[in-house]
Each structure stands twice: as structure tokens, then as C-alpha cells.
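Results of the structural survey
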Amino acid sequence: MDTASQPDKLYFRAVLYDALHEAYDNLTYRDQRTVTKHLGFCDTCWSVRKAVLINGEIEYRPINPMTFEEISHSASRKSDKASERTYNRALKKMKEHILELQR
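Residues numbered from 1 in each chain as written. Predicted model: local features only at pLDDT ≥ 70, side-chain atom pairs only at ≥ 80, totals over all residues. Heavy atoms only, no water.

1. Some thoughts on the overall build of the chain
Helix and strand content of the chain: four helices and two strands. Counting helices and strands in the order they occur from the N terminus, the chain gives α-α-β-β-α-α. Relative to the globule expectation of 13 Å for 103 residues, the C-alpha radius of gyration of the chain, 17 Å, shows a markedly less compact shape. Seen through its C-alpha atoms, the chain measures out along the principal axes to roughly 45 × 45 × 20 Å. Counting only residues that meet the buried cut, the chain has 24% of its 103 residues in that class. Of all intrachain contacts in the chain linking residues separated by at least 6 positions in sequence, the fraction that spans at least 24 positions is 45%. Accessible surface, the chain: about 7,800 Å² in total, of which carbon and sulfur atoms supply 53%. Of the charged side chains in the chain, 17 are positive and 15 negative, and the gap between their average positions amounts to 7 Å. (Helix = DSSP H or I, 4+ residues; strand = E, 2+ residues; numbered from the N terminus. Rg over C-alpha atoms; globule rule 2.2 N^0.38 Å. Buried < 20%, exposed > 50% of the residue type's maximum accessible area, 1.4 Å probe, protein only. Contact = heavy atoms within 4.5 Å. Areas by Shrake-Rupley, 256 points an atom, 1.4 Å probe, with all protein chains shown as cover. Lys, Arg positive; Asp, Glu negative; His and termini not counted. Charge placed at Lys NZ, Arg CZ, Asp CG, Glu CD.)

Spelled out as C-alpha cells, the structure:
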């Protein structure tokens, strides 16, 4: 949907994204990594695709979301429950930060 002719939607989308980025930036590194891996996006550019060089050509491939078990193995955590708790705690922190911005 093209929102170029709807400046109010563009404005509120920009406000929402700014609030999300700020809430994400206030998380700890561990929380950030858990959220990005589980939701499947790049933690530096926010893209859901990564550029891969294949035979001299750039190909964009989707970043696949990881399960909590996969995150636990990649981060050397004790269990998938630990990764799930970290993820849920991070989302709660983000929500609280956004609510503080609204006040």
C-alpha cells in the first residue's frame, strides 16, 4: 500500500519505528541478540534479508528465525528455556520503554 499521499500515516509510522529502535537500543547485548535471532532480522541494518556473494553476484537471502533451542546452542546457554526467558524479558523491557515514551 502506498502511503505517500497520506502524511499522517508516514508520520505515525516514523514515530513508531523511532520508538522501537530506541527501545531495542536500550536492551543489553544478550537481549538484543536473542530478539534478532528469534525474530530473524539483522541487528545492524534491520533487514530481514542478508546479502550473500555467490559467483561474483550479490544474492539476497532471507534471514531465517531461530528456535530457542538453536539460540541456546549458538550462545552456549544451559537450556532453551533460558533463551525463551531472555526473549520474553527483552520484549517486556521494550514494551515498558515505549510506554514510558508515551507519558
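We are not done yet, so read on.
2. Looking at the pattern of salt bridges
What the rule picks out here adds up to four salt bridges. K93 serves as the salt-bridge partner of D31, at 2.8 Å between the closest nitrogen and oxygen. Note that D31 is positioned in helix α2 (residues 29–39) and K93 in helix α4 (residues 80–102), a separation of 62 residues in sequence. (Salt bridge = Lys/Arg side-chain N within 4 Å of Asp/Glu carboxyl O.)

3. Some points on α2
Within α2 the residues assigned to the buried category are D31, Q32, T34, V35, T36 and K37. Buried positions along α2 lie against α1 (7–25), α3 (68–74) and α4.

4. Topic: the packing of aromatic side chains
Taken as a whole and assessed by the stated rule, the structure comprises five aromatic pairs. Taking 5.1 Å as the distance between ring centres and 70 degrees as the angle between the ring planes, the aromatic pair formed by Y11 and F12 counts as edge-to-face. We classify Y11 as exposed; its relative accessible area is 52%. Note on F68 and Y87: the rings are 5.5 Å apart at their centroids and 55 degrees apart in plane angle, and the pair reads as tilted. Within this pair, whereas F68 is found in helix α3, its partner Y87 is found in helix α4, the two being separated by 19 residues in sequence. Residue classification places Y87 among the buried residues on the basis of a relative accessible area of 11%. Each member of the aromatic cluster is reached from another via a ring pair, and the members are Y24, F41 and W46. (Phe/Tyr/Trp six-rings, centres within 6.5 Å; stacked < 30°, edge-to-face > 60°.)

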